[in-house]
Amino acid sequence: MKKIYQLRRKPVDYFYLNESFQEKALKRFSPPEICISFDMSSNVLFRNWKGKSKLVLDLTIGVPQYRLKIQHGDQFNWKMLNDVDPVSKRMFAQYVEEVNLADIILCGSEFVKNTVSWLNPDNESKCRVLPYGVDLEDFGNPNKEFVEKKDLQFVFVGTVGWRKGADVLLKAWKNFVALHPECELHFFGAVDNHIDLSDMPANVHMHGMVNRAILVEQLKKMDVFVFPTTFEGSSIAVFQAMAMQLPVITTANSGTVLKHGISCEMIEVGNVYAVTNAMEKLYADLAYRKAIAQQAYRLSNDYTWQHYKDRLSQILNEDELIAPRKMSEELQVSVDL
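Since the model is a prediction, treat every value here as computed from it, not as a measurement. Position numbers for residues start from 1 in each chain and track the written sequence from start to end. Reporting in this predicted model follows two pLDDT cut-offs: at least 70 for local features of residues, and 80 or more for side-chain atom pairs to be given and counted; totals over whole chains, interfaces and linings ignore these cut-offs and use all residues. To get the side-chain values, all heavy atoms of the structure are used, and hydrogens and water are removed first.

**Student:** When you look at the pairing of strand β3 (residues 104–107) in this model, what are you seeing that I'm missing?
**Tutor:** When accessible area is computed with a 1.4 Å probe and restricted to protein chains, residues below 20% of their type maximum are described as buried, those above 50% as exposed, and intermediate ones as partly exposed. Numbering goes from the N terminus for both helices and strands, where a helix is a DSSP run of H or I of at least four residues and a strand is a run of E of at least two. Side-chain alternation along β3 places Ile 104 and Leu 106 on one buried face and Ile 105 and Cys 107 on a second face that is also buried. The rule for pairing is simple: two strands pair if DSSP sees at least two bridges between them. Looking at chain direction, strand β2 (residues 54–59) and β3 are connected through four bridges and run parallel. From the neighbouring strand, Leu 57 faces β3, where its bridge partner is Ile 105. Where β3 and strand β4 (residues 127–129) come together, three bridges link them in parallel fashion. From the neighbouring strand, Leu 106 faces β4, where its bridge partner is Arg 128. Where the polypeptide runs from β3 across helix α6 (residues 110–119) and back to β4, its parallel neighbour, the crossover connection is right-handed. Throughout, right-handed denotes a crossover for which the path from the first strand over the helix to the second runs clockwise when the strands point away from the viewer.

**Student:** I keep staring at the side chain of Asn 18 and nothing clicks. Help me out?
**Tutor:** Along the chain, Asn 18 falls in helix α2 (residues 14–28). Other than its neighbours up to four places away in sequence, Asn 18 contacts Met 40 and Ser 41. In what follows, residue pairs with any heavy atoms lying within 4.5 Å of each other are defined as contacts.

**Student:** Would you mind showing me how to read helix α10 (residues 236–243) here?
**Tutor:** Structurally, the α-helix is built with 3.6 residues per turn, so residues lying three or four positions apart point the same way. Burial analysis of α10 places seven of its eight residues in the buried class, which makes it a mostly covered element. Every buried residue belonging to α10 is among Ala 237, Val 238, Phe 239, Gln 240, Ala 241, Met 242 and Ala 243, and all of these are buried. Elements that come into contact with the buried residues of α10 comprise α7 (136–139), β5 (153–157), α9 (212–219), β8 (224–227), β9 (248–251) and α12 (286–300). Capping of α10 at its N-terminal end is provided by Ser 235; its side-chain oxygen lies 3.4 Å from the backbone amide nitrogen of Ala 237. Note on α10: the residue one or two positions beyond its end, Gln 245, has a positive phi of about 60°. Nitrogen and oxygen atoms within 3.5 Å of one another constitute a polar contact, given that in protein one can donate a hydrogen and the other can accept it, and given that sequence-neighbouring residues count only through two side-chain atoms.

**Student:** Mind showing me how you'd approach the sheet that holds β4 here?
**Tutor:** Pairing between sheet strands relies on hydrogen bonds along the backbone, with the strands arranged either parallel or antiparallel. Pairing in this open sheet of four strands is parallel, and the strands run β1-β2-β3-β4 from one edge to the other. The outermost strands of the open sheet, each flanked by one partner alone, are β1 (34–38) and β4. Each adjacent strand pair in this sheet contributes to an overall mean axis angle of 25°, direction not counted. Only C-alpha atoms enter the line fits that serve as axes; for helices the fit covers just the stretch in contact. Angles between N-to-C directions range over 0 to 180 degrees. Contacting β1, β2 and β3, helix α5 (residues 86–101) runs over the sheet at an angle of about 135° to β2. Packing of α6 onto the sheet brings it into contact with β2, β3 and β4, and relative to β4 it is tilted by some 165°.

Here it is in structure tokens:
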């Protein structure tokens, strides 16, 4: 019983679990023609299959070292990358190894690509931008109505924490709701333990995690999507908002394909007043809300998961990783997200 108890109490090691999975894959499979693997789950595979397989790294988010650059801004210096805790240092090293070993790097956005080239300009030539997508059958809302009203419903979807800018949004909301007490702000997503919610502004509703059907129904009732994130890859939540014909307020770091003033309201990362002003602008201008929402909706029709598959196949063909042909059934399965 004592041994069993000790096993249950043994802490879970994220690095160990990922490396253990890769080692099992090495035992079960010979080097494939192409190996497509995710960040933080590729170092062991790439190390063993380098020169035997074409190695494709699917970088789901910007390289984590860049978060220090965002945090410190103009005060950043490269020595800061060494002045971190042991877990971050190990993670930084693994990202460097995986990016360097990869033959092709799939980047969910230009933002992700920029973080790669910032870390090592020599790797930029390996980057291929491949935005994510949306399931229009679930999230499509072609009959969205836009009406003039004072009680606008604003919504945020994602983990309620610092990385996605929830703290910035709450500060901005405190300013905004004081002027517009009829409006409401809804959060859908798990709450990060590190964020302080003790001084919650008025008219804020925390719904937590909900299933897809409930999320879709709730999004249909919303008027504006607000997502002042600091660090993403290619935000699926933004693509979903586009398909729901919600006017979007977000940052370039969301990895969005939207353009400021045309299909979204783009704001500066970490700027509380920019978020407040953007909400004020959309609150006051129904015509603008409708225009950017409809343009984003039209754009969402070019970013379905089928488009993602087709673009991935094109990338692999252009880089001569596979012969020009219809994507194999195995490849289709691998990108069914």
